[in-house]
Amino acid sequence: MIDITLTVNGEEMTGRAESRMLASDFLRDVLGLTGTHVGCEHGVCGACTIRLNGTTARSCLLFAAQLEGAEIVTVEGLGSPRKMHSIQEAFRRHHALQCGFCTPGFLMTVAEILETETLETDAEIREALSGNLCRCTGYEHIVRAVRDLVNERDGVAA
Ligand code: FES
Ligand code: FES
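Because the structure is a prediction, the values reported are computed rather than measured.

For the coordinates displayed, the defined rule picks out 10 salt bridges. As a salt-bridge pair, aspartate 3 and arginine 16 come within 2.8 Å of each other at their nearest N and O atoms. On the criterion of sequence distance, the pair formed by aspartate 3 in strand β1 (residues 2-8) and arginine 16 in strand β2 (residues 11-17) is long-range, its members being 13 residues apart. Given a relative accessible area of 47%, arginine 16 falls into the partly exposed group.

Set out below in structure tokens:
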């Protein structure tokens, strides 16, 4: 067992993990942050997406030990039911989720692409979200939510 100390959502935390434990399991089972979902455990679905030192990462493809000294943000760091982040508000407004299983991963990806991509067209939004899979929505409402956020960001009237 090893002790891992890291900053999670702005707070320093320490947890114990076996050396082969996945980061996604460490977040959920050791730190109790169950907002990070685990779907495929193969790096395909994006449900386990977190921000690691500012960049999105699939926590199912990392070992917990790799989080030592890292600064990470999970979906819990984005907002809360009482004080939702603008991305969460946009998803709610546009009915961009059904079962919600994929949603934490989408929210973390959207947070990054709003910072890093121009997203001028819906095709670009779809491309930027192509690493996250959703079985329920058909993506259309997710794209609408992101389009709204891009317009807000760019000061474009809807
Ligand atoms: Fe990590 Fe699917 S659970 S990408
Ligand atoms: Fe169900 Fe996306 S809302 S998988």
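Its place among the elements puts proline 81 in the loop between β5 (71-73) and α2 (86-93). The sequence separation of proline 81 and arginine 126 amounts to 45 residues, and the corresponding C-alpha distance is 27 Å.

Right, let's get into the nonpolar core. Formed by 25 residues in total, the largest nonpolar core has its most connected members in Ile87, Phe91, Val110, Leu119, Leu129, Ile142 and Val146. Among the elements of the structure, α2, α3 (103-116), α4 (122-128) and α5 (140-154) are those that each provide at least two residues to this core. Top element by residues in this core is α3. It accounts for 7 residues. Not counting the four nearest positions on each side in its chain, leucine 119 is found in contact with Ile113, Leu114, Glu124, Ile125, Ala128, Val146, Arg147, Val150 and Arg153.

The next point concerns the packing of α3 against α5. It is the contact of α3 with α5, at a shortest axis distance of 11 Å, that shows an interaxial angle of 30°. Pair α3 / α5 crosses with right-handed handedness. Judged by residue contacts, Phe106, Val110, Ile113 and Leu114 of α3 engage Ile142, Val146, Leu149, Val150 and Arg153 from α5.

Strand order in this open sheet of 5 strands is β2-β1-β5-β3-β4, and the pairing throughout is mixed. Of all strands in the sheet, those bounded by a partner on one side alone are β2 and β4 (55-58). Averaged over all adjacent pairs, the angle separating strand axes in this sheet is 40°, with direction ignored. With 2 bridges connecting them, strand β3 (residues 49-52) and β5 associate as antiparallel partners. Residue pairing in the sheet places arginine 51 in a bridge with valine 73 of β5. Against the sheet, helix α1 (residues 23-30) contacts β1, β2, β3 and β5, and its axis sits at roughly 105° relative to β2. The strands touched by α3 are β3, β4 and β5; relative to β3, the strand with the most contacts, the crossing angle is about 45°.

The rules behind these values
- Residues numbered from 1 in each chain as written.
- Chains lettered and ligands numbered in written order.
- Predicted model: local features only at pLDDT ≥ 70, side-chain atom pairs only at ≥ 80, totals over all residues.
- Heavy atoms only, no water.
- Salt bridge = Lys/Arg side-chain N within 4 Å of Asp/Glu carboxyl O.
- Helix = DSSP H or I, 4+ residues; strand = E, 2+ residues; numbered from the N terminus.
- Buried < 20%, exposed > 50% of the residue type's maximum accessible area, 1.4 Å probe, protein only.
- Core = buried A, V, L, I, M, F, W, Y, C linked by side-chain atoms within 4.5 Å.
- Contact = heavy atoms within 4.5 Å.
- Axes fitted to C-alpha atoms, helices over the stretch in contact; angles between N-to-C directions.
- Left-handed = near helix turned anticlockwise from the far one by under 90°.
- Pairing = 2+ DSSP bridges.

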